[in-house]
Amino acid sequence: MRILIVSKTGDLVDFAKQLLSEGHEVIMYFKKKQLPNKLDIPFTKNPTSEMMKSELIIIEDDTSGEFADKVRSLNRPVIGGGTVVDKLWKNQEFRKSIIEGCNLDLAKPTTKGIRLEIGGWFNGEEFLKPSFFCFPYFHLGTGDVGPLTRGMGSVGFYKIKSRFNEYLKKLETFFHSSTNYTGYIGLDCFVNNDSLQVIDLQAGLHFPMILNIGFLHNTLGTFLFKLALKNAKMVAVQPDRFCISVITYELDKPEIFTSYYSLGGTIEEAKTKVYKMLRKDIPEASYYRIDIGDEINDSLNQLEKRGWF
């Protein structure tokens, strides 16, 4: 299958890598021309001409809404994007109004709890099962101290049965009636014994969560194609597997990053494999976190005791 990926920052390079490994032909359009071609993927300077040649178009959901709307108007299979999605990314008050309009509770500055991202694939009408869960790391230092960065890594997994599904379902009416959207939608939230407070609403494939999602799928390209056609009824993954990603940055070029990831039946297995892989390959002049995956088991045990899983 020929797939066009429209990416603002290059964060979808690892998505492209997964699709290439499945045997698909991938063409990318980067808005930032200085990005390196890490995977020798063909580039295009004209995504409009490529979209008619491609069987699937995947859009990084942050500033390509007009292009996505145009592609959909031509009945091309599209994942992500849209002018309403652009507004969600850019306008915090609009996001808050949607969260409250969907009868979800907004987190307050004093709200505490277990912080995680919950989300799922939306087929234009409803969320598919299983749902996706992610613990992202954004601070530079261990223990969530130090400056905020774009992302230092994440732990992600799918689960079929959870109480979180009812919260995602509250978003279905808005996205079905207002966006014509097919793609990923997530909630950044605090979870306590019997309550969930939403920090933010995110539509799209954002970093570093995307590093986990792609590699938990059995056949990512086939699934996304069915999703774009609104024919997908179930997410094609093996649930209860863990994917851990660790991201390294070059000291003298912090905009250049390399992602390492590994799958495991347990968090410990995935973590051991990913750090072993990283330490064999990492350049000396790089920095990364050494604690990705630590304490996640404690959080999961608390969520299970509280009946969320």
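Parameters and conventions
Residues numbered from 1 in each chain as written. Predicted model: local features only at pLDDT ≥ 70, side-chain atom pairs only at ≥ 80, totals over all residues. Heavy atoms only, no water. Core = buried A, V, L, I, M, F, W, Y, C linked by side-chain atoms within 4.5 Å. Buried < 20%, exposed > 50% of the residue type's maximum accessible area, 1.4 Å probe, protein only. Phe/Tyr/Trp six-rings, centres within 6.5 Å; stacked < 30°, edge-to-face > 60°. Helix = DSSP H or I, 4+ residues; strand = E, 2+ residues; numbered from the N terminus. Lys NZ or Arg CZ within 6 Å of the ring centre and 35° of its normal. Salt bridge = Lys/Arg side-chain N within 4 Å of Asp/Glu carboxyl O. Pairing = 2+ DSSP bridges. Contact = heavy atoms within 4.5 Å. Axes fitted to C-alpha atoms, helices over the stretch in contact; angles between N-to-C directions. Arc of directions from axis to C-beta. Polar contact = N/O pair within 3.5 Å; in protein donor to acceptor, adjacent residues only side chain to side chain.

*Asks:* Any details on the nonpolar core? Residues and values, ideally.
*Replies:* Ile58, Trp121, Phe175 and Leu224 are the most contacted members of the largest nonpolar core, which totals 88 residues. Among the nonpolar cores identified, the runner-up in size contains 10 residues, and Val6, Met51, Ile57 and Val78 belong to it.

*Asks:* Quick rundown of the packing of aromatic side chains? Include the residues and the values.
*Replies:* Within this structure, the stated rule accounts for 23 aromatic pairs. Judged by centre distance (5.5 Å) and plane angle (55°), the rings of Phe164 and Phe309 are tilted. Here the residue Phe164 occupies a position in the loop between strand E8 (145–159) and helix H6 (165–169), and Phe309 occupies one in the segment after helix H11 (296–305), the gap between them amounting to 145 residues. The buried category is assigned to Phe164, whose relative accessible area is 0%. In this structure an aromatic cluster arises from ring pairing among Phe133, Phe135, Phe157, Phe164, Tyr167, Phe242, Trp308 and Phe309. When the ring centre of Phe94 is taken as reference, the NZ or CZ atom of Lys87 above it lies at 4.4 Å. In this structure, Arg163 packs its charged tip against the face of Trp308, placed 3.9 Å from the ring centre.

*Asks:* Help me get a handle on unusual backbone geometry, residues and values and all.
*Replies:* The linkage connecting Lys129 with the following residue, Pro130, adopts the cis geometry, with an omega of 0°. Following the sequence through the fold, Pro130 ends up in the loop between strand E6 (114–122) and strand E7 (131–141). Residues other than glycine seldom take positive phi values, yet Lys230 does so here, at roughly 65°. Using a relative accessible area of 37% as the deciding quantity, one classes Lys230 as partly exposed.

*Asks:* Pulling in residues and values, what's your account of the pattern of salt bridges?
*Replies:* This structure, assessed with the given rule, holds 11 salt bridges. Residue Arg2 is joined to Glu25 by a salt bridge in which the shortest nitrogen-to-oxygen separation is 2.6 Å. One end of the pair, Arg2, is in strand E1 (residues 2–7); the other, Glu25, is in strand E2 (residues 25–30), and 23 residues separate them in sequence. Its relative accessible area of 19% is what places Arg2 among the buried residues. The closest approach of N and O atoms between Lys159 and Asp240, which form a salt bridge, is 2.9 Å. A residue pair is termed long-range when its members are at least 10 positions apart, and Lys159 in strand E8 and Asp240 in the loop between helix H9 (220–228) and strand E11 (242–250) qualify at 81 residues. The exposure class of Lys159 is buried, given its relative accessible area of 17%. Residues joined in a network through salt bridges with shared partners are Arg2, Glu25, Glu50 and Lys53.

*Asks:* Describe the sheet that holds E2, listing the residues and the values that go with them.
*Replies:* On the basis of which strands lie adjacent, the open sheet formed by four strands has the order E2-E1-E3-E4 and parallel pairing. Sheet topology places E2 and strand E4 (78–79) at the edges, where each strand pairs with a single neighbour. Packing against the sheet, helix H3 (residues 65–73) makes contact with E1, strand E3 (56–59) and E4, and its axis sits at approximately 160° to E3. Helix-sheet contacts for H9 involve E3 and E4, and the interaxial angle to E3 is about 90°.

*Asks:* Tell me what's going on with the pairing of E6, and back it up with residues and numbers.
*Replies:* Along E6, eight of the nine residues are buried, which leaves the element largely enclosed by surrounding structure. Bridge count between E6 and strand E9 (residues 183–191): nine bridges; the pairing is antiparallel. Bridge pairing links Glu117 to Asp188 in E9. Relative to E7, E6 is paired through three bridges, and the arrangement is antiparallel. Of the residues in E7, the one forming a bridge with Ile118 is Phe133.

*Asks:* Summarise helix H5 (residues 92–101); cite the residues concerned and give the values.
*Replies:* Buried within H5 are the following residues: Phe94, Arg95, Ile98 and Ile99. Along the axis of H5, the buried positions cluster into a sector of 140°, meaning they face one direction only. Residues of H5 that are exposed and angled more than 90 degrees away from the buried face: Glu93 and Gly101. Those residues of H5 that are buried are in contact with helix H4 (83–90), strand E5 (105–106), helix H7 (172–178) and strand E10 (196–203). Where H5 begins, the side chain of Asn91 points an oxygen toward the backbone nitrogen of Glu93, at a separation of 3.1 Å. Just downstream of H5, Asn103 is the residue with a positive phi angle, here 60°.

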